[in-house]
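So you can see what is in the structure, the chains are spelled out below.
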Amino acid sequence: LSASATTQESVRGPSQAGPPSTDGGVIDTSPPRGTRDFPPEDMRLRTWLFNNFREVSSLFGFEEIDFPVLESEELYIRKAGEEITQQLYNFEDKGGRRVTLRPELTPSLARLVLQKGKSASLPLKWFAIGQCWRYERMTRGRRREHYQWNMDIIGIPGVEAEAELLSAIVAFFSKLGITSSDVGIKISNRKVLQEVLGRSVIPESSFAAVCVIVDKIEKIPRAEVEKELTALGLPVEAVDTILRALTLRSLDDLEELLGSDNEAVVELKQLFELARGYGFEDWLQFDASVVRGLAYYTGTVFEAFDRTGTLRAICGGGRYDKLLSTFGGVDTPACGFGFGDAVIVELLKEKKLLPELNHEVDDIVMPLEEELRPQAAIVAARLRTQGRRVDVVMGNKKMKWAFKHAERLQAKRMVILGSTEWAKGSVRVKDLSSREEKDLPLEEL
Ligand SMILES: CC(=O)Nc1cnc2ccccc2c1
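Just so it is clear, the model here is predicted, and its values are computed rather than measured. (Residues numbered from 1 in each chain as written. Predicted model: local features only at pLDDT ≥ 70, side-chain atom pairs only at ≥ 80, totals over all residues. Heavy atoms only, no water.)

Participant: Explain the sheet that holds strand E3 (residues 89-92) to me, and be specific about the residues and the numbers.
Facilitator: With respect to topology, three strands assemble into an open sheet ordered E2-E4-E3, the strand pairing being antiparallel. Two strands bound the open sheet, and with one partner strand each, they are strand E2 (70-72) and E3. The mean inter-strand angle of the sheet, taken between neighbouring strand axes irrespective of direction, is 35 degrees. One ladder, built from three bridges, connects E2 with strand E4 (residues 98-101); its direction is antiparallel. For glutamate 71, the partnering residue across the bridge sits in E4 and is threonine 100. (Pairing = 2+ DSSP bridges. Helix = DSSP H or I, 4+ residues; strand = E, 2+ residues; numbered from the N terminus. Axes fitted to C-alpha atoms, helices over the stretch in contact; angles between N-to-C directions.)

Quick look at the structure:
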């Protein structure tokens, strides 16, 4: 349907009804604000990326799960001031229910774990790839949807779970040709902040809110962070102590500040030791400024970054040991990460690591005359049964078109049906790389 169609009929034809297009021209063919279509060339890249997500998940023995893109709003009502819960793509449905398009996958995963209850034998190692949504005032022109790969381990309190997740992230980067000189992973632990805050009087309830504010330290001016922290009721000296603690860049300094029996110090040391075992320690660096912006993290937090510093975080995650109990479930330790589909593609572009992905078939089946179409179907069916990807030329095309078409689809062979050859039970086969042409009996195809 050409965009030049001037009347509704030419777009939809007289029989079909459709929304009266405004100027009698074509409907608005762009997708809703902040969303994307995936035409074939883009869908090939997305499929390639998701296949890599799945292959790594399978390599680590994870099982795939999925849940609705639509969830009850209550799953995301948190009072910590997170951007993600302030930008819910939410509405009231026709049953008067408060629902929302999910902004992240972890709460759905927690809901599913609680639903499975005791029947789910721990530990669970689940992964999902799902579209997540946000509603931003279009003043910022940012996307309102993206796809996220999540891997989560439920039921393991020890940092061996985080080590497995980090190993999976490193395996994914390596699989795509990204190395530790391209990307690093910053690691910290929210128990650092807990310890530092614990020493100065703030209510436990505002701990999450403090983390959400501190997470913005590199995005908004320090004065703004200080202002928001004091607005939470933090005494000024506590603000200074926090911001000073966040500048720590070595575990030794951390141990110096918090002591060797501090939980954060113990857990981080264990994690770095495991990283040496897995062989990815050169990807990791302790960085106390990493807190991540989600309210429910309680322990280890991490994020992957590009070492040129030009891109936003590539992926991130951490431990969330209280999330299931805040949903009314039994206290169950959990940790996981989210890996978006946007920044990774920007990184691959910059590193010239994007794959060449073309639409390919093995054989083009070309009946030379319309009467031979049933025979062409026999040939195509036979080839497809053998697992060969076949494109049957449709519409009354000439050979010239068929050869151009074969080239576009990078076909290996052109299988031509002519009445003379068919009468002898054979078809003409042209090998499109050697240019060699020969008649073959059907059985030898
Ligand atoms: C770069 C990008 O697309 N970010 C993005 C886009 N959509 C989202 C939707 C929900 C939550 C986070 C999101 C993040």
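There's plenty left to go through after this.
Participant: Explain unusual backbone geometry residue by residue, including any values.
Facilitator: Geometrically, the link from leucine 122 to proline 123 is a cis peptide bond, its omega value of 0 degrees lying close to zero. Mapped onto the fold, proline 123 is located in the loop between helix H4 (106-116) and strand E5 (124-133). For lysine 352, which is not a glycine, the phi torsion comes out positive at approximately 55 degrees. Tracing the chain through its elements places lysine 352 in the loop between helix H13 (343-350) and strand E12 (363-367).

Participant: Help me get a handle on a nonpolar patch on the surface, residues and values and all.
Facilitator: A surface patch of nonpolar side chains, amounting to about 220 Å² of accessible area, comprises Val69, Leu70 and Phe91. Along the chain, the position of phenylalanine 91 falls in strand E3. Relative accessible area serves as the criterion here: at 34%, phenylalanine 91 is assigned to the partly exposed category. (Patch = residues over 30% accessible without salt bridge, like charges linked within 9 Å, V, L, I, M, F, W, Y side chains within 5 Å. Areas by Shrake-Rupley, 256 points an atom, 1.4 Å probe, with all protein chains shown as cover. Salt bridge = Lys/Arg side-chain N within 4 Å of Asp/Glu carboxyl O. Buried < 20%, exposed > 50% of the residue type's maximum accessible area, 1.4 Å probe, protein only.)

Participant: Report on the sheet that holds strand E16 (residues 437-441), specifying residues and quantitative values.
Facilitator: Here five strands make up an open sheet; going across it, the order is E13-E12-E14-E15-E16 and the pairing mixed. Looking at strand neighbours, the two that pair on one side only are strand E13 (390-392) and E16, the edges of this open sheet. Across the sheet, the mean angle from the axis of one strand to that of its neighbour is 25 degrees, orientation sign disregarded. Sheet analysis places E12 next to E13, joined by three bridges and oriented parallel. The partner of aspartate 363 across the bridge, within E13, is valine 390.

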